[in-house]
Amino acid sequence: MIWLLIFALAGIVFFNRYLLLEPRLPIRLPIFIRQALQYSAPCLLTAICGPILLGDSGLAGLASNPYSYAAIFSIGCALVIKNMLLSVLVSLAGFYALLYLMG
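Residues numbered from 1 in each chain as written. Predicted model: local features only at pLDDT ≥ 70, side-chain atom pairs only at ≥ 80, totals over all residues. Heavy atoms only, no water.

### Some points on the environment of Val88
Then, number 1: Tracing the sequence through the fold places Val88 in helix α5 (residues 84–102).
Then, number 2: When its relative accessible area of 41% is taken as the criterion, Val88 is described as partly exposed.
Then, number 3: Val88 sits 10 residues away from Ala78 along the chain, and the two C-alpha atoms are 8.0 Å apart. (Helix = DSSP H or I, 4+ residues; strand = E, 2+ residues; numbered from the N terminus. Buried < 20%, exposed > 50% of the residue type's maximum accessible area, 1.4 Å probe, protein only.)

Listed below in structure tokens is the structure:
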């Protein structure tokens, strides 16, 4: 059920972004709306990751949460490694290593 929801939400987001941002489609939006739509992916990612990072304990549990360390590691990888695919793969490997070491 969770995977179905994730794929459904991904499809909805992709479909909306494609319809509104594809330059070959006859739909034309004002420039300020198109600029605002460019922030939708980071906003959705923050809304999804925020509850995972904070959890039930809030800010007090950040020091013992492997997800917070993985998020910091992923940000560092994105800053150092400019290739997105390599950055994602290294971040995933680091995340699973942290889960193994801290779990």
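### A few points about helix α4 (residues 66–80)
Then, number 1: Taking 1.5 Å as the rise per residue, α4 with 15 residues should run 21 Å; its terminal C-alpha atoms sit 21 Å apart, in good agreement.
Then, number 2: Pro66, Ser68, Ala70 and Cys77 are the residues of α4 that are buried. (Expected span 1.5 Å × (residues − 1).)

### Things to note about the side chain of Ser91
Then, number 1: Along the polypeptide, Ser91 turns up in helix α5.
Then, number 2: Here Ser91 falls in the buried class, since its relative accessible area comes to 10%.
Then, number 3: Leave out the neighbours within four places in its chain, and Ser91 touches Phe73, Ser74 and Cys77. (Contact = heavy atoms within 4.5 Å.)

### Considering a nonpolar patch on the surface
Then, number 1: Together, Met84, Leu85, Val88, Leu89, Leu92 and Tyr96 make up a nonpolar patch on the protein surface, roughly 660 Å² of accessible area in all.
Then, number 2: As for its placement among the helices and strands, Leu92 is situated in helix α5.
Then, number 3: Relative accessible area serves as the criterion here: at 40%, Leu92 is assigned to the partly exposed category. (Patch = residues over 30% accessible without salt bridge, like charges linked within 9 Å, V, L, I, M, F, W, Y side chains within 5 Å. Areas by Shrake-Rupley, 256 points an atom, 1.4 Å probe, with all protein chains shown as cover. Salt bridge = Lys/Arg side-chain N within 4 Å of Asp/Glu carboxyl O.)

### Remarks on the confidence of the model for the chain
Then, number 1: Looking at the chain as a whole, the pLDDT averages 77, with 80% of positions reaching at least 70.
Then, number 2: For the chain, helix α3 (residues 40–54) is the element with the lowest average pLDDT, namely 69, and α5 is the one with the highest, namely 86. (pLDDT = per-residue confidence, 0-100.)

### Describing the packing of α4 against α5
Then, number 1: Their axes nearest at 9 Å, the elements α4 and α5 cross at an angle of 155°. By the criterion of interaxial angle, the relationship of α4 to α5 is roughly antiparallel. Helix-helix and strand crossings are classified by hand; for α4 and α5 the assignment is right-handed. Together, Pro66, Tyr67, Tyr69, Ala70, Phe73, Ser74, Cys77 and Ala78 of α4 and Ser87, Val90, Ser91, Gly94, Phe95, Leu98, Leu99 and Met102 of α5 make up the contact between the two elements.
Then, number 2: Grouping the constituent residues of the contact of α4 with α5 by class yields 12 nonpolar, 4 polar and no charged. (Axes fitted to C-alpha atoms, helices over the stretch in contact; angles between N-to-C directions. Parallel < 35°, antiparallel > 145°, perpendicular 65-115°, else oblique. Left-handed = near helix turned anticlockwise from the far one by under 90°. Nonpolar A, V, L, I, M, F, W, Y, C, P; charged D, E, K, R; others polar.)

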